[in-house]
Amino acid sequence: MSSSDPLLLEVCGYENLEAALYYIYDNLNDPPDEKNEEAWLIDLQNRLIWGYEAGKNEDHDAVVLEAIQFTMRDYGMTPVMLTGEVKRILDDLTLV
């Protein structure tokens, strides 16, 4: 991950991923239990930092998509305004 991509840093921020997880928790196929939640989120965060591959884990995909939506909302952005790695991830997740 390029540290010069502030949007990706926002998306993969622990608090943002945690909020996204809580928001869609009941819709996940195999949500982490309370004991494993922190490790699950850190694993997802690492996957985002080192190059996220959509389609490998539906639950990760759902949380990442929600985290991107949270970030777009916070910055008043639309999908066409995204650039770089976040745009690539969103495109992969939505099959655009």
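Here's a quick rundown of the structure.

With respect to the helices and strands, the residue T71 is situated in helix α4 (residues 58-75). The exposure class assigned to T71 is buried, which follows from its relative accessible area of 3%. Among all residues touching T71, those that are not within four sequence positions of it are L7, E10, V11 and N16.

What follows is about the pattern of salt bridges. Applying the stated criterion across every chain yields a total of 6 salt bridges. Residues R73 and D74 are paired through a salt bridge, measuring 3.2 Å at the closest nitrogen-oxygen approach. As far as burial versus exposure is concerned, R73 and D74 are alike and both exposed. We note a salt bridge from R88 to E85, for which the minimum N-O separation is 2.6 Å. Linking R88 with E85, this pair stays in helix α5 (residues 84-94), spanning 3 residues, or about one helical turn. With relative accessibility at 30%, the residue R88 sits in the partly exposed group. A relative accessible area of 24% places E85 in the partly exposed class. Residues joined in a network through salt bridges with shared partners are E85, R88 and D92.

If you walk through the whole model with that rule in mind, you get 1 aromatic pair. With 5.6 Å between their ring centres and 75° between their planes, Y23 and F70 make a pair best called edge-to-face. You can see Y23 sitting in helix α2 (residues 14-24) and its partner F70 sitting in helix α4, a full 47 residues away along the chain.

Each value, and the rule that gives it
Within each chain, residue numbers correspond to sequence positions counted from 1 in written order. Two thresholds apply to this predicted model, a pLDDT of at least 70 for residue-level local features and 80 or more for giving and counting side-chain atom pairs, whereas whole-chain, interface and lining totals are computed over all residues. In computing side-chain values, all of the structure's heavy atoms are included and hydrogens and water are not. Going along the chain from the N terminus, every DSSP run of H or I of four or more residues is numbered as a helix, and every run of E of two or more is numbered as a strand. Burial classes: relative accessible area under 20% of the type maximum marks a residue as buried, over 50% as exposed, and values in between as partly exposed (1.4 Å probe, protein chains only). Only heavy atoms enter the contact rule, under which two residues are in contact if any of them lie within 4.5 Å. Salt bridges are defined by distance alone: a side-chain nitrogen of Lys or Arg within 4 Å of a carboxyl oxygen of Asp or Glu. Aromatic contacts are taken between Phe, Tyr and Trp rings whose centres are within 6.5 Å, Trp giving its six-membered ring; a plane angle under 30 degrees counts as stacked, one over 60 as edge-to-face, and the others as tilted.

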